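Survey of secondary and tertiary structure
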Amino acid sequence: VIHINESAANNPRAGTSDAILIMGAGYGVSAHTLQARVGETGCEATAWTSDSSVECGVGVGVAMSHSLAVTAARSAATLIEALSYDAPVLLTIAEANHPPAGDSNAVVVGGVGFGVADYTAQGRVGGTACEA
């Protein structure tokens, strides 16, 4: 019987690949049939490190909470809400152009952790939602 205690580095940076260490017990004496996954996605690489730890290459993702699962031989274990990605961080805001009076104005925002695709990005200026 295997189990998962915790994961080290349980907040990978959003939009990047990272490795995490999944700690527990009963992972065996070698990596013959070892597999791990984050949420519904298999680790990019799973490396057996000891009977009590497994390294998992985590793919890119965004802020929601994910479970961890490890399968060794015919045993499986899951830890619910064990990993979430760091929230995005806004670093800069700049005007994109200077339109004539009365026209909309565009701004460019910069930062880290926005992800690698257009998920559901939304912006606000004060209490007003951005048009696009």
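Up top is the structure these notes are about.
Okay, so let's go over this structure. (Residues numbered from 1 in each chain as written. Predicted model: local features only at pLDDT ≥ 70, side-chain atom pairs only at ≥ 80, totals over all residues. Heavy atoms only, no water.)

Moving on, we get to the overall build of the chain. Helix and strand content of the chain: zero helices and 12 strands. Walking the chain from its N terminus toward its C terminus, one meets helices and strands in the order β-β-β-β-β-β-β-β-β-β-β-β. With 132 residues in all, the chain has 24% of them scored as buried. Here the analysis covers contacts within the chain between residues at least 6 apart in sequence; of these, 52% occur between residues at least 24 apart. (Helix = DSSP H or I, 4+ residues; strand = E, 2+ residues; numbered from the N terminus. Buried < 20%, exposed > 50% of the residue type's maximum accessible area, 1.4 Å probe, protein only. Contact = heavy atoms within 4.5 Å.)

On to the state of the cysteines. Working definition: the covalent bond between the sulfur atoms of two cysteines is a disulfide. This model, assessed by the stated rule, comprises one disulfide. The residue that forms a disulfide with Cys43 is Cys56, at a sulfur-sulfur distance of 1.8 Å. One quick way to see it: the torsion about the S-S bond of Cys43 and Cys56 is about -90°, and its sign makes the bridge left-handed. Of this pair, Cys43 sits in the loop between β4 (41-42) and β5 (46-50) while Cys56 sits in strand β6 (residues 53-58), placing them 13 residues apart in sequence. (Disulfide = S-S within 2.5 Å.)

A cluster of nonpolar side chains, Leu90, Ile93, Val107, Val109 and Phe114, forms an exposed patch at the surface whose accessible area comes to about 480 Å². Breaking the nonpolar patch down by element, the ones donating at least two residues are β9 (89-95) and β10 (107-112). With respect to the helices and strands, Ile93 occurs in strand β9. (Patch = residues over 30% accessible without salt bridge, like charges linked within 9 Å, V, L, I, M, F, W, Y side chains within 5 Å. Areas by Shrake-Rupley, 256 points an atom, 1.4 Å probe, with all protein chains shown as cover. Salt bridge = Lys/Arg side-chain N within 4 Å of Asp/Glu carboxyl O.)

Okay, the pairing of strand β8 (residues 75-84) next. Bridging between strand β7 (residues 65-72) and β8 involves seven bridges; their strand directions are antiparallel. When the bridges of β8 are listed, Ser65 appears paired with Ser84. Hairpin connection from β7 to β8: two residues lie between these consecutive antiparallel strands, with Ala73 at a positive phi of about 55°. (Pairing = 2+ DSSP bridges.)

Along the polypeptide, Ser67 turns up in strand β7. In contact with Ser67, not counting residues within four places along its chain, are Arg37, Val38, Gly39, Thr78, Leu79, Ile80, Glu81 and Ala82.

Here the focus is unusual backbone geometry. Its identity is not glycine, yet Ala73 carries a phi of approximately 55°, on the positive side. Position of Ala73 among the secondary structure elements: in the loop between β7 and β8. The exposure class of Ala73 is exposed, given its relative accessible area of 56%. Phi is positive for Glu81, close to 50°, though the residue is something other than glycine. For Glu81, the position within the fold is in strand β8. For Glu81, a relative accessible area of 63% translates into the label exposed.

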